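Here are the chains, one letter per residue:
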Amino acid sequence: MKQLFEFFPILLFFIAFKLYDIYVATAVVIVATIIQVAFAWFKYRKVETMQWITLGLILVMGGATLYLQDEQFIKWKLSIIEWLFGAAFLGSQFIGKKSFIEKMLSGSLTLPALIWKRLNTMWGCFFISVGFINLYVMYNYNTDDWVTFKTFGVPALMVIFILLQMFFLYKYIPDTEE
């Protein structure tokens, strides 16, 4: 249910794009994300860090989209954001004691240091790859197809990637049956 709630602004973006245009859709996703964060605050009295990051990115990049009114900028944003996430994950291996993925998952997983590093590297490479896949889609397909890719293709790639990681991590999860 939580994942569906987080997907709600993206779904509204897609619907607004189909009914109107990319700029109305951008305004809709900005408002929907603000409502989503406000709802989380009023219901739980807490907003997760990722929700704040998402809100910040949507406000800045969505605001720039509405201000610039440039379709190429809109399409490039996805690649830039994915590359920044990829660089942050890869760079986190060299800054601090724990990589990003270890900071996020160490409360629920215990893994050897080498596996944390591999997992973090895989996430970094995943984000960078999605940025390049976006470039391919934006230059080889029309805007309508690109919006469909952004709305459904990128999340589908994420789900597939997470499932593959579950197979990778399965052997490191302790058997609780005794």
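That block above? That's the structure.
Residues numbered from 1 in each chain as written. Predicted model: local features only at pLDDT ≥ 70, side-chain atom pairs only at ≥ 80, totals over all residues. Heavy atoms only, no water.

Peer 1: Can you help me understand the environment of Val159 in this one?
Peer 2: Relative to the helices and strands, Val159 resides in helix α7 (residues 143-170). With relative accessibility at 49%, the residue Val159 sits in the partly exposed group. Once the C-alpha coordinates of Val159 and Ile58 are considered, the two residues, 101 residues apart in sequence, prove to be 22 Å apart. (Helix = DSSP H or I, 4+ residues; strand = E, 2+ residues; numbered from the N terminus. Buried < 20%, exposed > 50% of the residue type's maximum accessible area, 1.4 Å probe, protein only.)

Peer 1: Honestly, the packing of aromatic side chains in this entry has me stumped. Any pointers?
Peer 2: For any two aromatic rings, the description comes down to two numbers: the centre-to-centre distance and the angle of the planes. Here the structure, examined in full by the defined rule, presents 14 aromatic pairs. Aromatic pair Phe89 and Phe100: ring centres 5.5 Å apart, planes at 90 degrees, arrangement edge-to-face. Note that Phe89 is positioned in helix α4 (residues 71-91) and Phe100 in helix α5 (residues 100-105), a separation of eleven residues in sequence. Exposure remark for Phe100: the relative accessible area of 32% places this residue in the partly exposed category. For the pair Phe126 and Phe161, a centre-to-centre distance of 4.3 Å together with 15 degrees between the ring planes defines the contact as stacked. Of this pair, Phe126 sits in helix α6 (residues 113-140) while Phe161 sits in helix α7, placing them 35 residues apart in sequence. The exposure class of Phe126 is buried, given its relative accessible area of 11%. One aromatic cluster is present, built from ring pairs that chain together Phe85, Phe89, Phe100, Trp123, Phe126, Phe127 and Phe161. (Phe/Tyr/Trp six-rings, centres within 6.5 Å; stacked < 30°, edge-to-face > 60°.)

Peer 1: Can you walk me through the pattern of salt bridges in this structure?
Peer 2: Side chains that carry opposite charge are capable of pairing whenever their charged atoms lie near each other. A full pass over the atoms with the stated rule returns two salt bridges. The closest approach of N and O atoms between Lys75 and Glu71, which form a salt bridge, is 3.3 Å. With a gap of four residues between them, Lys75 and Glu71 both fall in helix α4, about one helical turn apart. On the basis of relative accessibility, which here comes to 36%, the residue Glu71 falls in the partly exposed class. (Salt bridge = Lys/Arg side-chain N within 4 Å of Asp/Glu carboxyl O.)

Peer 1: Whenever I open this one, α4 confuses me. Can you help?
Peer 2: Each α-helix winds once per 3.6 residues, and so residues spaced three or four apart point in a common direction. Between its first and last C-alpha atoms α4 spans 30 Å; for 21 residues at 1.5 Å apiece the expected length is 30 Å, and the two agree. The largest bend in α4 amounts to roughly 30 degrees and is located at Lys77. Contacts from the buried residues of α4 go to α2 (22-44), α3 (49-68), α5, α6 and α7. Where α4 begins, one side-chain oxygen reaches toward the backbone nitrogen of Gln72, 3.0 Å away; that side chain belongs to Asp70. (Expected span 1.5 Å × (residues − 1). Bend = angle between axes of the 7 residues up to and from the residue. Contact = heavy atoms within 4.5 Å. Polar contact = N/O pair within 3.5 Å; in protein donor to acceptor, adjacent residues only side chain to side chain.)

Peer 1: Got a minute to help me understand a nonpolar patch on the surface in this structure?
Peer 2: Together, Leu11, Ile15, Leu19, Tyr20, Val24 and Phe152 line one region of the surface with nonpolar side chains, adding up to about 560 Å² of accessible area. No other element matches helix α1 (residues 2-19), which puts three residues into the nonpolar patch. Residue position: Leu11 is located in helix α1. (Patch = residues over 30% accessible without salt bridge, like charges linked within 9 Å, V, L, I, M, F, W, Y side chains within 5 Å. Areas by Shrake-Rupley, 256 points an atom, 1.4 Å probe, with all protein chains shown as cover.)

Peer 1: So what exactly am I meant to see when it comes to the nonpolar core here?
Peer 2: Side chains of nonpolar character tend, in soluble globular proteins, to be buried together. Ile22, Leu111, Leu119, Trp123, Trp146 and Val147 are the most contacted members of the largest nonpolar core, which has 32 residues in total. Taken together, the elements giving at least two residues each to this core come down to α1, α2, α4, α6 and α7. Per-element tally for this core: the top contributor is α6, with ten residues. Not counting chain neighbours up to four residues away, the residues in contact with Trp123 comprise Phe89, Ile101, Met158, Phe161, Ile162 and Gln165. (Core = buried A, V, L, I, M, F, W, Y, C linked by side-chain atoms within 4.5 Å.)

Peer 1: I would appreciate a short explanation of the packing of α3 against α4 in the present structure.
Peer 2: Each packed pair of helices is defined by two parameters, the angle between the axes and the distance between the axes. For the pair α3 and α4, the least separation of the axes is 11 Å and the interaxial angle reads 150 degrees. Classed by the angle they form, the pair α3 and α4 counts as roughly antiparallel. As for how α3 packs across α4, the hand of that crossing is right-handed. Judged by residue contacts, Met50, Ile53, Leu57, Met61, Gly62, Ala64, Thr65 and Leu68 of α3 engage Phe73, Ile74, Lys77, Ile80, Ile81 and Phe85 from α4. (Axes fitted to C-alpha atoms, helices over the stretch in contact; angles between N-to-C directions. Parallel < 35°, antiparallel > 145°, perpendicular 65-115°, else oblique. Left-handed = near helix turned anticlockwise from the far one by under 90°.)

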